[in-house]
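The residues making up each chain are set out below.
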Amino acid sequence: MIDFLSICIAYAGFLTAVIFGIAGVAGLFRFPDPYARLQAGSLCGTTAVFSIFIACIAIAPERSIAARIIIIGIIFLVSAPTASHIVARFTWNSGIMPWRPKGTKRSADMYAQEKAPVKQQNKTD
Amino acid sequence: MQRITQLLSRQIPAVLYGMQWFLLICSVLILARMLKGPSSADRLAALNIFSGIVLAFLVITGVQKSGILYLDVALVYDIFGFLGFLAISHFLKNKFFSGDKTE
């Protein structure tokens, strides 16, 4: 028999997972830029998946299942932001500019800083 | 209180089933982004999210059927998925470094 508090935790976790999952997938399609899409994806991946883990710990039928979910959560908490960082670094090194709204201009120093990795890569090519 | 608890705990298998369908729809949309994405950075970001969604699906299935094997598979999938992701990004960095630019 599962008590009242753990059922409330489970329902709240699943509701949070649905809200953040919809937000993440919508951001994946609506944003104009790989960096912004990566941000939306990290939101979806980390928050939704981790709240699903918490809800599953609350309603786990056995202790061994809850312990395994905790270990999976720790490994996921280490690996997912690292992977996001690797993607952001790959995007920056492959020379994709961050998106700006039309009409705004970059200052010259900012432009030189942003252009720097592209120029280095073109030299090595 | 007792009656509310019984009523809510009776709905939990249906909630788990609904969450599985939600994760399936999310993963189909993410695969669409992975096929469509203009640059390889978009594809890598979509792959990162897709691995997390599959992990959540495996955990929900393990809790639903109370099978420990699903959770072991999820643990190994997480570790090896991260290693494979690292290998793919390293390969792309060496191979097509300035190949695709959106601008």
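Residues numbered from 1 in each chain as written. Chains lettered and ligands numbered in written order. Predicted model: local features only at pLDDT ≥ 70, side-chain atom pairs only at ≥ 80, totals over all residues.

J.: With reference to specific residues and values, describe the overall build of chain A.
T.: Secondary structure assignment for chain A yields four helices and zero strands. Counting helices and strands in the order they occur from the N terminus, chain A gives α-α-α-α. Taken over 125 residues, chain A has a buried fraction of 37%. Restricting the contact set of chain A to residue pairs at least 6 apart, pairs at least 24 apart contribute 61%. (Helix = DSSP H or I, 4+ residues; strand = E, 2+ residues; numbered from the N terminus. Buried ≥ 20, exposed ≤ 12 C-beta atoms within 10 Å, placed from the backbone. Contact = placed C-beta atoms within 7 Å.)

J.: Got a sec to walk through unusual backbone geometry? Specific residues and values, please.
T.: For serine 66 of chain B, which is not glycine, the phi torsion reads 45° and is therefore positive. Relative to the helices and strands, serine 66 of chain B resides in the loop between helix H3 (40–65) and helix H4 (68–95).

J.: Mind laying out the interface of chain B and chain A, listing which residues take part and the relevant values?
T.: With 44 residues of chain B in contact, the opposing surface of chain A contributes 48 residues. Listing elements by their share of the side of chain B that touches chain A, those giving two or more residues are helix H1 (2–10), helix H2 (12–36), H3 and H4 of chain B. Looking at the side of chain B that touches chain A, the element that brings in the most residues is H3 of chain B, giving 13 residues. When the residues that make up the side of chain B that touches chain A are grouped by side-chain class, the tally is 28 nonpolar, ten polar and six charged. (Nonpolar A, V, L, I, M, F, W, Y, C, P; charged D, E, K, R; others polar.)

J.: Could you give me a rundown of the nonpolar core, with the residues and numbers involved?
T.: In terms of nonpolar packing, the biggest core is built from 54 residues, with Ile52, Cys56 and Ile69 of chain A together with Ala56 and Val59 of chain B touching the most fellow members. Those elements that place two or more of their residues in this core are helix H1 (4–30), helix H2 (34–58) and helix H3 (63–93) of chain A together with H2, H3 and H4 of chain B. Sort the elements by how many residues they give to this core and H3 of chain B lands first, with 14 residues. In this view, alanine 56 of chain B contacts Val49 and Ile52 of chain A together with Leu23 of chain B; residues no more than four positions away in its chain are not counted. (Core = buried A, V, L, I, M, F, W, Y, C linked by C-beta atoms within 7 Å.)

J.: An account of the confidence of the model for chain A is requested, with residue identities and associated values reported.
T.: Residue and element names in this part refer to chain A. Mean pLDDT for chain A: 81, with 79% of residues reaching 70 or above. Looking across chain A, the model is least confident in helix H4 (residues 108–124), with a mean pLDDT of 52, and most confident in H1, with 91. Below a pLDDT of 50 lies the segment residues 119–125, which in the model reaches five contacts outside its immediate sequence neighbourhood of four places, other chains included. (pLDDT = per-residue confidence, 0-100.)

J.: Tell me about H2 of chain B, residues and numbers included.
T.: Taking 1.5 Å as the rise per residue, H2 of chain B with 25 residues should run 36 Å; its terminal C-alpha atoms sit 36 Å apart, in good agreement. Three or more residues of H2 of chain B are buried, namely Met19, Phe22, Leu23, Cys26 and Ile30 of chain B. In this structure, the buried residues of H2 of chain B make contact with H1 of chain A together with H3 of chain B. (Expected span 1.5 Å × (residues − 1).)

J.: Could you give me a rundown of the confidence of the model for chain B, with the residues and numbers involved?
T.: Interpreting fine coordinate detail is not advised for predicted regions of low pLDDT. Residues and elements named next belong to chain B. Averaged over all residues, the pLDDT of chain B equals 86, while 91% of them reach at least 70. Mean pLDDT in chain B bottoms out at H1, which sits at 84, and peaks at H2, which reaches 91. As scored by the predictor, the complex reaches a pTM of 0.83 and an ipTM of 0.85.

J.: Describe the environment of arginine 63 of chain A, and please don't skip the residues or the numbers.
T.: Residues and elements named next belong to chain A. Note that arginine 63 resides in helix H3. Since 8 C-beta atoms lie within 10 Å of it, arginine 63 is described here as exposed. Put simply, arginine 63 and glycine 73 are ten residues apart on the chain and 15 Å apart in space, counted from C-alpha to C-alpha.

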